[in-house]
Amino acid sequence: MTRRIPPVPHYLNLVDGRWVDGERRPNTNPARPGEVVAEYARAEPADVQAAVDAAGRAQPGWASTPVGRRMEILDRIGTTILGRVEELAVLLSREEGKLLGEARAEVTRAGQTFRYYAHQLLQPQGELYPSTRERVYAEVRRRPLGVVGVITPWNYPWAIPAWKVAPALAYGNAVVLKPAELVTASAGELARIIAGSGLPPGVFNLVMGSGRTVGEELLTSARIDGITFTGGTATGRHVAQQCIAHGNKRFQLEMGGKNPLVVLDDADLSIAVRCALDGSFFSTGQRCTASSRLIVQAGVHDRFVDALTKATQALRVGDPLDEHSRLGPVASADQLTQNLEYVEIGRREGATVVAGGQHTADEGQFMRPTLFVDARNDMRLAREEIFGPVSCVIRVDGFDEAVGVANDTPFGLSSGIITTSLSAAERFKSLSRSGIVTVNLSTAGTELHLPFGGSGASNHGPREQGVYARDFYTVPVTCYTGW
Ligand code: TXE
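Bear in mind the structure is a predicted one, so any value in this text is a computation, not a measurement.

**Observations concerning the sheet that holds strand 16 (residues 370-373)**
And then number 1: If you walk across this open sheet you meet the seven strands as 15-16-17-14-13-18-19, and the pairing is mixed. Each of the sheet's edge strands pairs with one partner strand only, and the pair in question is strand 15 (352-355) and strand 19 (436-439). On average, adjacent strands in this sheet sit at an angle of 25 degrees to one another, irrespective of strand direction.
And then number 2: Contacts from helix 10 (residues 298-313) reach strand 13 (259-263), strand 14 (291-297), strand 15, strand 16 and strand 17 (390-396) within the one sheet, and its direction differs from that of strand 14 by about 140 degrees.

Below, the structure is given as C-alpha cells:
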C-alpha cells in the first residue's frame with residue numbers, strides 16, 4: 001500500500017485569542033514510530049496563567065451573549081467538524097492508532113455533541129415553584145460555574161474534549177483545555193475550529209504540555225472555578241486533593257473501570273462472543289468501558305471459551321488506516337510495556353493464556369489481543385485496569401455468584417449481561433453497582449444524550465453528557481420573589 005505522508009503540521013497554544021508558540025515537541029505514529037505526525041508547542045506556566053486570566057475576563061460577556069448567538073456558534077463548531085470528518089479521522093488514526101472506522105465514528109460523535117448542546121440551549125433552564133408564603137413565588141435558576149479547566153486523556157481525543165467543552169460553553173462558561181500530550185494534533189485542530197467559529201477571544205483557550213507542569217498549574221490556580229478530568233485513578237485522586245486544597249474548586253472525575261460482562265448458560269452464544277470480542281478488544285482495549293472481566297456460567301463456559309478463542313485469534317492486527325485491520329496499535333510505548341507486564345502478572349498468578357500474549361513481529365507498537373482463562377476475581381489481572389487488549393474469563397456456577405463477582409471490584413463504570421431470560425436481565429439491572437448496565441450488548445458504546453459515569457473508583461461528581469452535564473457546569477440559584 002503506498003501512502004502519501006502529509007507535511008508535518010505545527011500546533012500552537014491558544015491564549016486569549018492569540019496563537020502562542022513554545023518548546024516544540026514531536027508526536028509520532030504508533031503504527032510507525034519513525035513517522036512524525038505533528039509538532040506541538042508546550043505552554044509555559046505563565047501561558048497557563050494568561051489563559052486562565054483571559055477566561056475570567058471573557059466569561060461574563062459570554063454568559064450574557066444572547067442564546068441565539070451562542071447556539072449559532074456551537075452549531076457552527078459542530079457543523080465544521082462534521083464537514084471534515086475524513087481528514088480529521090485520518091489525523092486521529094495516525095496520531096493515536098485508532099482504526100480509521102472508529103476514528104470516523106469518534107470525530108462524528110464530537111461534531112454531533114456540539115450540535116446537541118447548541119440545541120439544548122432552547123430547553124427549559126430553570127424551575128418555577130409555588131411558595132408557602134402569600135404573594136411570593138420561588139424559582140431555581142442556573143448560573144454558569146465560571147472558568148472551567150478541562151483535563152483530558154489520550155484514548156478519545158475528540159469525543160471526550162467535545163463532551164466536556166460543548167456543555168461548558170453552552171451553559172455560559174469559559175474554558176481552558178489541557179489535552180494529553182500524545183494527542184495534541186487532534187486538540188490543535190479542535191482549537192483551530194473553535195477559534196474560527198466566531199467565539200469571542202478568551203472564552204476558549206488551549207494549553208498543551210505535561211500534567212506535572214501545565215495540568216498542575218490549572219489545579220492550583222485560584223481563579224479556576226471547576227476542573228473536569230478524565231484519566232487514570234491515581235491522577236484523579238491527586239486532582240481531587242489539589243482542587244480541595246486550592247480554593248475548594250468543584251471537580252468531576254471519570255477514572256475508568258474493570259467492567260464485567262456476565263454470560264449465563266441460556267445466552268445466545270453468537271451474541272455472547274460478539275459482545276465479548278467488541279468489549280474486550282476493539283479500540284485496542286483502550287476504553288474505560290471495555291469488558292475486561294468475562295464472568296461465564298459453568299454450563300456454557302467451554303463452548304464460549306472455544307468460540308471466543310478462535311474469534312480472538314482471527315482478529316487481524318495491523319495499520320489502523322488499512323480497512324482490513326480489526327485492531328490497531330497500542331497508543332504509546334509505555335502503555336505497551338504496561339500491557340505486557342500485566343500479561344506476565346496474569347501468568348504468574350496462575351491464569352492461562354489461550355490467545356495472544358505477545359507483541360507482534362511488526363514494526364510499531366502492536367500487540368496481539370490476549371485472552372486469559374482460569375482467572376480468579378482476586379487476581380491483579382481481574383482487579384486493576386490494564387487499558388489494553390487483555391481480557392480474562394472467570395468461571396462461576398450461577399446467577400447469584402456471577403452478580404457477586406461482577407460487583408466485587410473497586411470500580412463501577414459499566415457492566416453487561418448476556419442472557420435470554422427477561423427475569424435474569426431485570427434482576428441484573430437492579431443488582432449491578434455500575435453506572436451503566438447493558439443487556440445483550442457490549443459494555444462499551446454509549447450515546448451522547450444519556451448520562452455517562454460510574455461509582456466507586458470510577459467516578460466522582462455529577463454525570464457527564466446529556467442534560468445531566470448541566471449539573472456540573474452550572475450552579476443552582478434559588479430566588480424568592482415577593483409581589
Ligand atoms: O493518564 P493520566 P495516562 C488510565 C489507564 C492508563 C493510565 C495512565 O489505566 O494506563 O490511566 O494513562 C493529565 N495534574 N487511563 O498517563 O496520567 C495528563 O497530562 C494535572 C484511563 O494518559 O491520568 C492527561 O492530560 N493533570 C482513562 C490527563 O491528566 C495531570 C483514560 C490523564 O493522564 C497530572 C486514560 C497532574 N499532576 C488513561 N498528571 C479512562 N479511564 O478513560 C497527569 N495529568
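More follows now that the structure is in view.
**Some remarks on the sheet that holds strand 4 (residues 23-29)**
And then number 1: Within the open sheet, the three strands sit side by side as 1-5-4. Their pairing is mixed. Either end of the sheet is taken by a strand with one partner, and the two such strands are strand 1 (10-11) and strand 4.
And then number 2: Bridge analysis of strand 1 against strand 5 (residues 32-42) gives two bridges, and the strand direction is parallel. Pairing of Y11 across the sheet is with Y40, part of strand 5.
And then number 3: Against the sheet, helix 3 (residues 85-96) engages strand 1, strand 4 and strand 5, with an angle of about 105 degrees to strand 5.

**A word on the nonpolar core**
And then number 1: Membership of the largest hydrophobic core comes to 56 residues, with the highest contact counts inside it found for I81, F114, W158 and F204.
And then number 2: The greatest single-element share of this core, amounting to eight residues, is contributed by helix 4 (residues 100-120).
And then number 3: By size, the runner-up hydrophobic cluster in this structure holds 28 residues, among which are V262, M367, V396 and V403.

**As for the site of the ligand**
And then number 1: Of all residues adjacent to the ligand, which total 25 residues, the nearest are T152, W154, G232, T235 and Q335.
And then number 2: Within the side chain of K178, an N or O atom sits 2.9 Å from an oxygen atom of the ligand.
And then number 3: In this structure, Q338 approaches the ligand through a side-chain N or O atom, which is 3.3 Å from an oxygen atom.
And then number 4: Expressed as a share of its isolated accessible area of 800 Å², the protein-covered part of the ligand is 82%.
And then number 5: Those elements that provide at least two residues to the shell around the ligand are helix 7 (211-220), strand 11 (226-230), helix 8 (233-245) and helix 11 (333-349).

**Some points on unusual backbone geometry**
And then number 1: The residue R135 is not glycine, and still its phi comes out positive at about 50 degrees.
And then number 2: Here R135 lies in the loop between strand 6 (127-130) and strand 7 (136-144).
And then number 3: Despite not being glycine, Q465 has its phi angle at roughly 70 degrees, a positive value.
And then number 4: The topology assignment puts Q465 in the loop between strand 20 (459-460) and helix 15 (470-473).

**Describing the side chain of E464**
And then number 1: Structurally, E464 can be placed in the loop between strand 20 and helix 15.
And then number 2: Here W163 takes part through its side chain, which lies 3.2 Å from a polar atom of the side chain of E464.
And then number 3: Of the polar contacts made by the side chain of E464, one reaches the side chain of K164; its length is 3.1 Å.
And then number 4: Residue contacts for E464: discarding those within four places in its chain leaves W163, K164, T228, T230, Q252, E254, L450, P451 and F452.

**Details of the UniProt feature "active site" (unreviewed entry) in the chain**
And then number 1: As recorded in UniProt, the sites labelled "active site" (unreviewed entry) are E254.
And then number 2: Tracing the sequence through the fold places E254 in strand 12 (residues 250-254).
And then number 3: Here E254 is in contact with F229, T230, G231, C288, L413, F452, S458 and E464, once residues within four sequence places are set aside.

**Some remarks on the pattern of salt bridges**
And then number 1: Under the definition given, this model contains 30 salt bridges.
And then number 2: Across the salt bridge formed by R57 and D16, the nearest N and O atoms sit 3.1 Å from each other. Residue R57 is located in helix 1 (residues 45-63), and its partner D16 is located in the loop between strand 2 (13-15) and strand 3 (18-20); the two are separated by 41 residues in the primary sequence.
And then number 3: The class for R57 is exposed, based on a relative accessible area of 56%.

What counts and how
Along every chain, residues carry numbers that run from 1 in the direction the sequence is written. Residue-level local features of this predicted model are given only where pLDDT is at least 70; pairs of side-chain atoms are given and counted only at 80 or more, and the full residue set underlies all totals for whole chains, interfaces and linings. Values shown for side chains rest on all heavy atoms present in the structure; no hydrogens or waters enter the calculation. Being paired, for any two strands, means DSSP has found at least two bridges between them. Strands here mean DSSP runs of E at least two residues long; helices mean DSSP runs of H or I at least four residues long; both are numbered from the N terminus. What counts as an axis is a line fitted to C-alpha atoms, over the stretch in contact for a helix, and the angles between N-to-C directions run from 0 to 180 degrees. Contact between two residues is taken to exist if any of their heavy atoms lie within 4.5 Å; hydrogens are not considered. Each nonpolar core is a collection of buried residues, namely Ala, Val, Leu, Ile, Met, Phe, Trp, Tyr and Cys, held together in the definition by side-chain atoms within 4.5 Å. The buried label goes to any residue with under 20% of its type's maximum accessible area, the exposed label to any with over 50%, and the partly exposed label to all in between, with areas taken from a 1.4 Å probe on protein chains only. Any residue with a heavy atom positioned within 4 Å of a molecule or strand is treated as near that molecule or strand. Two N or O atoms count as a polar contact when they lie within 3.5 Å, although within protein this holds only if one can serve as hydrogen donor and the other as acceptor, and sequence-adjacent residues are included solely when both atoms are side-chain atoms. Residue-level accessible areas treat just the shown protein chains as cover; the underlying method is Shrake-Rupley with a 1.4 Å probe. UniProt positions are given in the numbering used here, feature names are shortened, and annotations may be inferred rather than shown by experiment. In the sections that follow, a salt bridge refers to a side-chain nitrogen of Lys or Arg positioned within 4 Å of a carboxyl oxygen of Asp or Glu.

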